[in-house]
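Per-entry structural report
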Amino acid sequence: MTDELNLSMFRAYDIRTPSALLTPELAERLARAEARYIREGLAAAGVVIAHDARRTGPHYLSIATESFRRAGLEVVYLPGACSTSYLYYAAMCHPRFAAVMVGASHNPAGDTGQKLLGPGARPIAAGIGPEGGLDRIKALYAADASATAAHRGRLRACDLTNAYVAYSMRLAGVEPGALRGARIFQDYLSGAAGREMMLGFDRAGADLEPLHFAADGNFPLGDPNPVKQAVIRSGLEVLRTGDFLLGMFFDGDGDRLDVYRGDGSYLSSSFVYAAILPEIRRRFPGSGLGVFADLKCNPLALIEMARTGVTVDVIRNGHSQIKESLFRAPSRFGAVEESAHFYEAFSPDGAGRFCTENTLYIALLVARTWRDDPARFERLFALQTRTAREREWGYKFPTDEARAGALRAVREHFEAQGACAVERMKNGMDLEATLIRRGLPFDINQDTRLGGDWLQVCQRVSQSESGLARWEVVGGRADLVAQARRAVAECARRLGAGEEYQG
């Protein structure tokens, strides 16, 4: 089946596609549809626009800018290669405008895509946003709809870097010079995070060792994905030999943050969030509050989060869905994904509620907390060692039917061993994944106690890569986790899975 319009680029969370499939003509057609949606669906008078480190970013951004201006939209351009978190900050500074980020996160260098926001930095995704969000844009694109105006919109550049750095430092409680003496390593994988991280940590006085700091859309290390061990190998070697307090690794658009101890030991994101949550909680006093944790998060970390006096609810994966859930639940002020994303409900100057990400703030907060209270992190490392984990991996299948069959077979295998499974959140929202647990409850609080033979398996269909299903396993014993991984692999092979996929 041909896809001459490249409709497959419309994913659940955003737009992703090989650049070769998004010709200049199709890119302009997409921008015309977006302009129509921004003007009529969002009733916005302007749009903030930026691109990440990819080589094709300026080209696609220029095409989009021209279509937006023809539609009469004011365009606010953030110069240079930008992180997604920086775009989110700029969107908060222009709360009545839409926003478009041209980039493709951790995807291969040859890919492109977009993340879209409505006014108030609200996510636009499939089924999320006015008139169906991205589904409406897809329909306008298919119909080749456009919008015109009597006058071209104004184009202006806006550099908010210094304000963004200062704001992030205030959020993290880091004064200028406050991290003096803290020796920290960071690897940006040639992505877009280097500029803001180096500026922020320099202002904070840290003894920072940056690696692969210049944005390079060729991504010479490989896909800018810190999950891939081959990509971070050189960075880990520097970290292990440099007497650092901690190390941090970022993805291509700078919104993912993987954290390591100076000896190269990885601390999973749920434990990182458990470490900094007491600090975040000070900015959100009161009772009846809570946070979300994605279904892959370590149950021991969830217990630690609950000990800060908050409710911890399981939530589905996906940045757009998590942000929208935060916006719709005023009593929830933050969230974490085990894929190294951290979310919060921000209120700059006490005005508004912007549910989004700020990875610079999180990086600074992690560094400050670790420098001030290293015993807290050591205790969480010790807790983590009481569990075994197989970090998320996947398999590509020849057909959707084969993939569905593999997911079904895995679930049936563990249910036959006494496990239970859920596919919906407590509020009824579809997890778009299956959470399988044995030996531990689905409702976890500060009083939850686990035996040594508990097991958790998470499986889902990838929303950003075609034909891919993903699994992650964590448990109380290494042998149980290894057995579970082998069982998943066997079910996948029976249904025609390809080689194992990491990323």
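Here we summarise the structure given alongside this text. Predicted model, so just to flag it, every value in this text is computed and none were measured.

Regarding its fold elements, the protein presents 14 helices and 23 strands. Each principal axis of the C-alpha distribution contributes one length, and for the protein these read about 70 × 55 × 45 Å. Across the 503 residues in the protein, those meeting the buried criterion constitute 61%. Taking the contacts inside the protein whose residues are at least 6 apart along the sequence as the reference set, 70% of them involve residues at least 24 apart. In the structure as shown, the protein presents an accessible area of about 18600 Å², 50% of it carried by carbon and sulfur atoms. With 61 positive and 61 negative side-chain charges, the protein shows a spacing of 3 Å between the two charge centroids.

Within the structure shown, the criterion is met by 15 aromatic pairs. Seen in terms of ring centroids, Phe249 and Tyr260 are 5.2 Å apart; in terms of plane orientation they differ by 70°. Their pairing is edge-to-face. Taken together, the positions of Phe249 in strand E10 (residues 246–250) and Tyr260 in strand E11 (residues 257–261) put the pair 11 residues apart, joining distant regions of the chain. Positioned above the aromatic ring of Tyr501, the side-chain terminus of Lys228 is 5.9 Å from the ring centre. Residue placement shows Arg485 over the ring face of Trp393; its charged tip is 4.1 Å from the ring centre.

If you walk through the whole model with that rule in mind, you get 42 salt bridges. Lys296 is the partner of Asp294 in a salt bridge, and the nearest nitrogen-oxygen pair spans 3.2 Å. We classify Asp294 as buried; its relative accessible area is 2%. Residue Arg389 pairs with Glu472 through a salt bridge whose shortest N-O separation is 2.8 Å. In this pair, Arg389 is assigned in strand E18 (residues 388–396) and Glu472 in strand E22 (residues 468–475), connecting sequence segments 83 residues apart.

Once that is clear, we can look at the sheet that holds strand E12 (residues 266–267). Overall, mixed pairing links the five strands, which are arranged E9-E8-E10-E11-E12 in an open sheet. In this open sheet, the two edge strands, each paired with only one partner strand, are strand E9 (207–211) and E12. As paired elements, E11 and E12 share two bridges and run antiparallel to each other. From the neighbouring strand, Val259 faces E12, where its bridge partner is Leu267. Running over the sheet, helix H7 (residues 229–240) touches strand E8 (183–187), E9, E10 and E11 and is turned about 155° from E10.

Next up on the list: the sheet that holds strand E14 (residues 311–315). Reading across the sheet, the five strands line up as E14-E13-E15-E16-E17 and stay open at both edges, with mixed pairing between neighbours. A strand with exactly one partner marks an edge of an open sheet, and here the two such strands are E14 and strand E17 (354–356). Neighbour-to-neighbour, the strand axes of this sheet turn through a mean angle of 15°, independent of strand direction. Note: strand E16 (residues 341–346) against E17, three bridges, orientation antiparallel. When the bridges of E17 are listed, Phe346 appears paired with Phe354.

Per the stated rule, a full pass over the model turns up eight cavities of 30 Å³ or more. The volume enclosed by the largest cavity comes to roughly 410 Å³. Forming the walls of the largest cavity are 31 residues, and the residues nearest its centre are His106, Arg256, Ser339, His341 and Arg460. Secondary-structure elements contributing two or more residues to the lining of the largest cavity are E16, E18 and E22. Of all the elements, E18 adds the most residues to the lining of the largest cavity, at three residues. Residues belonging to the lining of the largest cavity are distributed by class as follows: three nonpolar, 11 polar and 17 charged.

Of all eight residues in strand E5 (residues 111–118), eight are buried; the element is thus mostly enclosed. Judged by which residues are buried, E5 turns out to be covered on both faces: Asp111, Gly113, Lys115 and Leu117 on one side and Thr112, Gln114, Leu116 and Gly118 on the other are all buried. Summarising the sheet, strand E1 (residues 15–18) and E5 pair through four bridges and their orientation is antiparallel. Within E5, the residue paired with Ile15 across the bridge is Gln114.

The next thing to look at is the nonpolar core. The biggest cluster of nonpolar side chains holds 85 residues, and the ones touching the most others in it are Phe201 and Val366. Counting residues per element, this core draws most heavily on helix H11 (residues 359–372), at nine residues. Counting 35 residues, the second largest nonpolar core, distinct from the first, contains Tyr37, Leu42, Tyr60 and Val75.

Residues in a regular strand project their side chains so that they alternate between the two faces of the sheet. The buried count for strand E21 (residues 455–461) comes to six of seven residues, which makes it a mostly enclosed element. Of the pairings in the sheet, the one linking strand E20 (residues 430–438) to E21 comprises six bridges and is antiparallel in character. Residue Thr434 lies in a different strand from E21, and its bridge partner there is Gln459. Relative to E22, E21 runs antiparallel, the two being bridged by seven bridges. Looking across to E22, one finds that Gln456 is bridged to Val474.

What counts and what doesn't
Residues numbered from 1 in each chain as written. Predicted model: local features only at pLDDT ≥ 70, side-chain atom pairs only at ≥ 80, totals over all residues. Heavy atoms only, no water. Helix = DSSP H or I, 4+ residues; strand = E, 2+ residues; numbered from the N terminus. Buried < 20%, exposed > 50% of the residue type's maximum accessible area, 1.4 Å probe, protein only. Contact = heavy atoms within 4.5 Å. Areas by Shrake-Rupley, 256 points an atom, 1.4 Å probe, with all protein chains shown as cover. Lys, Arg positive; Asp, Glu negative; His and termini not counted. Charge placed at Lys NZ, Arg CZ, Asp CG, Glu CD. Phe/Tyr/Trp six-rings, centres within 6.5 Å; stacked < 30°, edge-to-face > 60°. Lys NZ or Arg CZ within 6 Å of the ring centre and 35° of its normal. Salt bridge = Lys/Arg side-chain N within 4 Å of Asp/Glu carboxyl O. Pairing = 2+ DSSP bridges. Axes fitted to C-alpha atoms, helices over the stretch in contact; angles between N-to-C directions. 1 Å grid on protein atoms, 1.4 Å probe; cavity = no way out; pocket = protein on both sides within 12 Å on 5 of 7 lines; lining within 4 Å. Points joined across faces, edges and corners; volume = space filled by probe spheres on them. Nonpolar A, V, L, I, M, F, W, Y, C, P; charged D, E, K, R; others polar. Core = buried A, V, L, I, M, F, W, Y, C linked by side-chain atoms within 4.5 Å.

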